[in-house]
Amino acid sequence: MMSKSKPDDRLIKLSLLMVALTAITVLAVITIFIFEQGLPIMLKYGLKNFLFGQDWYPSEKSFGLLPMIVGSLLVTLGALLIGVPLGLASAIFLTEFSSRRLSRFLKPVIELLAGIPSVVYGFLGLMFLVPFIRENLGGPGLSVLAASIILGIMILPTIISISIDSIRAVPDSYREGSIALGATKWQTVRMVVLPAARSGLVAGIILGMGRAIGETMAVIMVAGNAADLPASWLAPVRTLTSNIALEMAYASGEHRQALFATGVVLFVIIMILNFLANLAARKQSGR
Amino acid sequence: MKDIAIQVINFSHFYGQQPSLKNLNLDIYRKEILGIIGPARSGKSTFLTCLNRLNDLVPGSRVSGKILVDGLDIYQPEVEVAALRRRLGMVFATPVPLPMSIYDNIAFGPRLQGQTDRQELDHLVEDCLEKAGLWAEVKDRLKTSALKLSGGQQQRLCLARVLALKPEYILLDEPTSGLDPISTMKIEDTLLLLKKDYTIVLVTNNTKQAARVADRTAFFLMGELVEVNETDIIFTRPSDKRTENYIEGKFG
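Here's what I pulled together on the structure shown here.

Calculation rules
- Residues numbered from 1 in each chain as written.
- Chains lettered and ligands numbered in written order.
- Predicted model: local features only at pLDDT ≥ 70, side-chain atom pairs only at ≥ 80, totals over all residues.
- Helix = DSSP H or I, 4+ residues; strand = E, 2+ residues; numbered from the N terminus.
- Rg over C-alpha atoms; globule rule 2.2 N^0.38 Å.
- Buried ≥ 20, exposed ≤ 12 C-beta atoms within 10 Å, placed from the backbone.
- Contact = placed C-beta atoms within 7 Å.
- Pairing = 2+ DSSP bridges.
- Nonpolar A, V, L, I, M, F, W, Y, C, P; charged D, E, K, R; others polar.
- Axes fitted to C-alpha atoms, helices over the stretch in contact; angles between N-to-C directions.
- Parallel < 35°, antiparallel > 145°, perpendicular 65-115°, else oblique.
- Left-handed = near helix turned anticlockwise from the far one by under 90°.

Describing the overall build of chain B
Each helix and strand counted, chain B has 10 helices and 10 strands in total. Relative to its length of 252 residues, chain B is compact, with a C-alpha radius of gyration of 18 Å against a globular reference of 18 Å. Along the longest, intermediate and shortest principal axes, the C-alpha atoms of chain B span 55 × 45 × 35 Å. Residue burial in chain B is summarised as follows: out of 252 residues, 45% are buried. Considering only residue pairs separated by 6 or more positions, chain B has 68% of its internal contacts joining residues 24 or more positions apart.

As structure tokens, this is what we get:
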């Protein structure tokens with residue numbers, strides 16, 4: 001009996017390994033492909049011109065990505081400024097302050113937000129948010145602000161559900177201990193529960209950030225897409241992802257390669273942000 | 001006459017419809033150690049959480065009757081619960097240091113009350129660790145995580161943390177149930193020292209522990225107080241047959 005189960009395990013281990021390798025292989029192939037297509041043109045026209053050039057005129061061989069880099073970073077920052085406080089506050093309310101029945105009802109509803117296609121978010125933004133900004137705050141309405149708000153809402157379900165899970169994972173004995181020491185509920189949340197849940201909270205924010213920087217369709221619809229450095233929160237903006245999606249259909253030759261170069265920049269930015277956020281999470285929870 | 005610190009009058013406690021404490025009447029004297037013994041599920045831990053209203057946290061928890069702490073009826077709505085819990089500090093069965101440094105664990109309570117003076121805090125931390133018999137072992141690593149201490153050290157840290165609240169009462173819920181004999185002995189020695197300044201209620205699974213440290217001992221069974229008396233009387237000539245059976249280990 002014993003000897004029979006051994007080769008079975010080995011077989012399962014082997015097939016699981018192959019499945020795992022498939023995912024990694026796909027990642028490797030994508031990475032190699034993007035770099036192989038995008039890197040040569042970056043080197044040809046100079047890395048500096050790509051990263052810091054302010055003019056994007058593909059027909060005149062001018063491939064400055066700075067407006068798009070700034071655009072992506074701005075709308076992501078804006079989305080986090082809106083999504084993180086709202087998301088954390090909701091998660092804290094649903095785990096620590098609401099009745100269990102309410103949170104059992106609300107959590108799936110919030111997660112439903114994640115299932116709405118991004119084009120629908122973009123459409124709603126275009127119909128309601130953009131005119132609202134144009135009429136009340138000025139500018140064309142299609143703006144950094146509009147994109148930030150839409151993205152801020154889109155990352156809520158990610159941030160909320162991961163935060164809820166990590167706050168629930170904090171042992172009740174910590175809460176009890178803190179309350180027995182004369183802390184109020186809010187003091188307990190602030191001084192004990194949130195610090196204990198910190199690495200999970202940061203992970204949720206990283207995932208939300210990844211979603212915000214990678215989102216394309218909704219952003220194209222509300223951001224205005226002018227390839228210029230935005231002068232204010234109310235100015236239109238183009239992100240790296242929008243740049244690729246908007247021009248891919250008709251680009252050819254070096255223009256097409258420049259769009260792959262845009263992909264390379266996006267790829268590297270996401271890597272750097274992930275790395276920094278992971279570092280922050282590890283440093284803080286390692287104490 | 002003994003100075004009565006806590007008076008429990010016709011007190012009952014329920015989880016939902018289920019009574020967990022039935023009509024208790026008990027006085028706790030100032031600066032004594034009251035031991036509470038009884039088998040599992042006899043209500044002794046519940047009784048402890050009723051004294052500092054930690055039972056408020058349990059959904060469906062309900063009480064009737066009165067508990068007077070220094071004459072104050074603690075179940076009156078205007079009672080400030082956080083302040084009450086500082087006066088009746090509690091140590092749990094499983095030592096649960098908060099996930100922060102040794103120093104911060106002890107400074108937690110005082111900081112909640114707005115104490116920020118570094119020197120005062122330093123002084124208090126040393127003083128409380130000293131009283132809990134832990135200072136010598138941790139004085140060189142106050143900034144390291146409290147979670148790295150051994151179980152016995154963690155429990156003494158929890159005791160020190162309670163002392164930092166400057167409580168009048170210390171409630172201990174089977175504080176040595178998970179500890180080795182040497183750590184247990186250290187905690188018991190500490191309790192005997194603390195008795196001159198504090199009123200202590202010690203719930204314990206270990207009847208011998210009650211015999212060693214308690215001035216008086218109460219025997220709980222199925223949510224009822226069977227009897228309470230001087231510890232040597234309880235252990236040598238209890239008035240109730242059930243107490244005798246429990247102490248002799250015939251059930252439990």
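Considerations on the overall build of chain A
Broken down by element type, chain A carries 13 helices and two strands. Based on the C-alpha atoms only, the size of chain A along its principal axes is roughly 70 × 65 × 35 Å. Per-residue burial over chain A gives 40% buried out of 287 residues. The long-range fraction of contacts in chain A, counting pairs at least 24 apart against all pairs at least 6 apart in sequence, stands at 74%.

Some words on unusual backbone geometry
Although it is not a glycine, Asp70 of chain B sits at a positive phi angle of roughly 50°. Within the fold, Asp70 of chain B resides in the loop between β4 (61-69) and β5 (72-73).

A word on the sheet that holds strand β1 (residues 4-15) of chain B
Residues and elements named next belong to chain B. Strand order across the open sheet formed by four strands is β2-β1-β4-β5, with antiparallel pairing between neighbours. The open sheet is flanked by β2 (18-29) and β5, the only strands paired with a single partner. Here β1 runs beside β4; their pairing, made up of eight bridges, is antiparallel. Paired with His13 across the bridge in β4 is Val63.

Topic: the interface of chain B and chain A
Contacts between chain B and chain A engage 19 residues on the former and 16 residues on the latter. When contributions to the side of chain B that touches chain A are tallied by element, the ones reaching two or more residues are α2 (81-87) and α3 (102-112) of chain B. Classifying every residue of the side of chain B that touches chain A gives 12 nonpolar, four polar and three charged.

Some thoughts on the packing of helix α3 (residues 66-97) of chain A against helix α6 (residues 144-154) of chain A
Two quantities define a packed helix pair, namely the angle between the helix axes and the distance between the axes. Residues and elements named next belong to chain A. Their axes nearest at 7 Å, the elements α3 and α6 cross at an angle of 50°. Taken as axis vectors, α3 and α6 run oblique relative to one another. As α3 packs across α6, the resulting crossing turns out to be right-handed. Counting all contacts with α3, which are made through Leu74, Val75, Gly78, Ala79, Ile82 and Gly83, the residues of α6 involved are Val144, Leu145, Ala147, Ser148, Ile149, Leu151 and Gly152. Class assignment of the residues belonging to the contact of α3 with α6 gives a composition of nine nonpolar, four polar and no charged.

Take it as geometry only, folks, not as evidence of what the structure does.
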